[in-house]
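So you can see what is in the structure, the chains are spelled out below.
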Amino acid sequence: MSEAGRHSLEEIQSQPRVWPAVLTAVRERRDEIMRLFAEPEPVEEVLFLGCGSSYYLSLSAAHSFVKLLRLPARAVPSSEVVFYPEAVFPRHGRTLVVGVSRSGETTETVVALERAAARPGVRVLSVSCRPDSGLAGLSGLHLALPASDETSVVMTRSFTSMLLALVAVAVTAAGDEARFRALGSLPDAAAAVLAEAGPVAEELGRDGTLHRYVFLGSGPLYGIASEGMLKVKEMALTDSEAYHSLEYRHGPKSIADASTLVVSLVSGAARDEETRLAEELSLQGARILTIGGEAPRGGRAVSLHAEGLDEWLRAPLTVIPLQLLAYYRAVSRGLDPDQPQNLSHVVKIGL
Ligand code: F1P
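Residues numbered from 1 in each chain as written. Predicted model: local features only at pLDDT ≥ 70, side-chain atom pairs only at ≥ 80, totals over all residues. Heavy atoms only, no water.

Student: Go over helix H11 (residues 222–236) with me, naming the residues and quoting the values.
Tutor: Here H11 spans 21 Å end to end across 15 residues, near enough to the 21 Å set by a 1.5 Å rise per residue. Buried residues dominate H11, accounting for 13 of its 15 residues. Phi turns positive, to about 45 degrees, at leucine 237, one or two residues after H11. (Helix = DSSP H or I, 4+ residues; strand = E, 2+ residues; numbered from the N terminus. Expected span 1.5 Å × (residues − 1). Buried < 20%, exposed > 50% of the residue type's maximum accessible area, 1.4 Å probe, protein only.)

Right, here's the structure in full:
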């Protein structure tokens, strides 16, 4: 194996090994999690803050909070809280603000969390990969996942680990023991996805006829599609786009052709329509890769090895083929996905 991308590949492949520690970290804080949601009064709404990959994983996590806790939950980029607080906090409610950041040091997220924590009725949960992160001191409860931290600039296992932690928090707060046990099956499923997706991602990632990557996802998978888009841009310096699946018909599909790879993340709720869309795009000439569903004739498919698991619980698995695709695309272009051009491990600015 060449040196370029060594850390990214190791970190992608380590996901089945590091996820059990994530579930343990959440399990150990069970009582504190229950108290955070219930005291002094039950939480009324949840707001996730993050930047880049941490924002995208928050988009997906918000869906699991809505589904499992029946609470209004949404995610916004941290900078929106800094510059447009009145749009983000339209009223004073009992809000749980969840700060998400691998480093725990990204300026917008630290400032947004400081400002959110100062508002009446707000309680703060944060998740990062650093126990000594700047977010910890701002939070009523801080979940640190040090085994999921990374050497590579781009986020891979930290993305899935922080997403898994937040899904596990929602399951814990819902008191749903059966679903918590079901999460325990994800590391084995991740190993199976890695094994199946590897050769497919390598073949497509090395295919020099593909010049545009499009990621489609609905509901909890839109944040995952966005992360796929970001991985391909960051690691492989390749044009990529992400859309809510059916939005793709509303204009963007006009330029899908044989040089376009459409990666369709197949959901639970919109499965039939997403399958029809993939068939339509294949007939138009685009190349298709489906994740978690049937591929149209001539397309490729990767399964998630998690039948029976709700779509918002299996979301962390869905990211793995996208990480591999970006990795192989990068190394086939002679790039080093560990150190992408113009990017740094943490973004610190003067706010
Ligand atoms: C997130 C982030 C990444 C991006 C870049 C800089 O930071 O913006 O999404 O890939 O490497 O950091 P964090 O707040 O999660 O540490």
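Student: Hey, could you go over the domain arrangement of the protein for me, with residue numbers and the actual values?
Tutor: Structurally, the protein comprises domain 1 (6–183) and domain 2 (186–332). Each of domain 1 and domain 2 has a C-alpha centre, and these two points are 25 Å apart. Counting residues at the interface gives 30 residues for domain 1, matched by 29 residues for domain 2. For the pairing of domain 1 and domain 2, the buried interface totals around 2500 Å² over both sides, and the portion due to carbon and sulfur atoms is 76%. Three residues, Ile12, Trp19 and Tyr56, lead the burial of domain 1 against domain 2; their summed loss comes to 22% of the area buried on that side. Between domain 1 and domain 2 we count 1 salt bridge in total. One salt bridge in this structure joins arginine 179 and aspartate 310, with 2.7 Å as the shortest N-O distance. Here domain 1 and domain 2 share 9 residue pairs in polar contact (both at pLDDT 80 or more) between them. Of all elements in the fold, only helix H1 (6–13), helix H2 (15–28), helix H4 (53–69), helix H8 (157–173) and helix H9 (177–183) reach the threshold of two or more residues within the side of domain 1 that touches domain 2. The dominant element in the side of domain 1 that touches domain 2, judged by the number of residues it contributes, is H4, at 8 residues. (Domains from an automatic or database assignment. Contact = heavy atoms within 4.5 Å. Buried area = accessible area lost by both parts, 1.4 Å probe. Salt bridge = Lys/Arg side-chain N within 4 Å of Asp/Glu carboxyl O. Polar contact = N/O pair within 3.5 Å; in protein donor to acceptor, adjacent residues only side chain to side chain.)

Student: Account for a nonpolar patch on the surface, naming residues and giving values.
Tutor: The grouping of Phe83, Tyr84, Val347, Ile349 and Leu351 at the surface amounts to a nonpolar patch, some 490 Å² of accessible area in total. Relative to the assigned elements, tyrosine 84 resides in the loop between helix H5 (78–83) and helix H6 (85–88). Residue tyrosine 84 is classed as partly exposed on the basis of its relative accessible area, which comes to 45%. (Patch = residues over 30% accessible without salt bridge, like charges linked within 9 Å, V, L, I, M, F, W, Y side chains within 5 Å. Areas by Shrake-Rupley, 256 points an atom, 1.4 Å probe, with all protein chains shown as cover.)

Student: Give a detailed account of the side chain of aspartate 176, specifying residues and quantitative values.
Tutor: Its location among the elements puts aspartate 176 in the loop between H8 and H9. In terms of polar contacts, aspartate 176 uses its side chain to reach the side chain of arginine 179, at 2.8 Å. The residues touching aspartate 176, leaving out its near neighbours within four places in the chain, are Leu68 and Val171.

Student: I'd like to hear about the pairing of strand S4 (residues 122–128), residue by residue, with values.
Tutor: Counted residue by residue, S4 has 7 buried out of 7 residues, so it is predominantly covered. Burial of S4 is two-sided: the residues Val122, Val124, Ser126 and Ser128 facing one way and the residues Arg123, Leu125 and Val127 facing the other way are all buried. Alignment of strand S3 (residues 95–100) against S4, held across 6 bridges, turns out to be parallel. Looking across to S4, one finds that valine 97 is bridged to valine 124. Where the polypeptide runs from S3 across helix H7 (residues 107–117) and back to S4, its parallel neighbour, the crossover connection is right-handed. For S4 and strand S5 (residues 141–144), the ladder comprises 4 bridges, and the chain directions are parallel. Within the sheet, the bridge partner assigned to valine 127 lies in S5 and is leucine 143. (Pairing = 2+ DSSP bridges. Right-handed = clockwise from strand over helix to strand, strands pointing away.)

Student: If you had to explain the site of the ligand to someone new, which residues and values would you point to?
Tutor: Lining the immediate environment of the ligand, one finds 14 residues, of which Ser54, Ser101, Ser103, Thr106 and Glu234 sit closest. Side-chain polar atom of glutamate 234 to an oxygen atom of the ligand: 2.5 Å apart, as the coordinates give it. Under a 2 Å grid-point criterion requiring more than half of the atoms, the pocket assigned to the ligand is the largest pocket. (Near = heavy atom within 4 Å. 1 Å grid on protein atoms, 1.4 Å probe; cavity = no way out; pocket = protein on both sides within 12 Å on 5 of 7 lines; lining within 4 Å. Sits in = over half its atoms within 2 Å of the grid points.)

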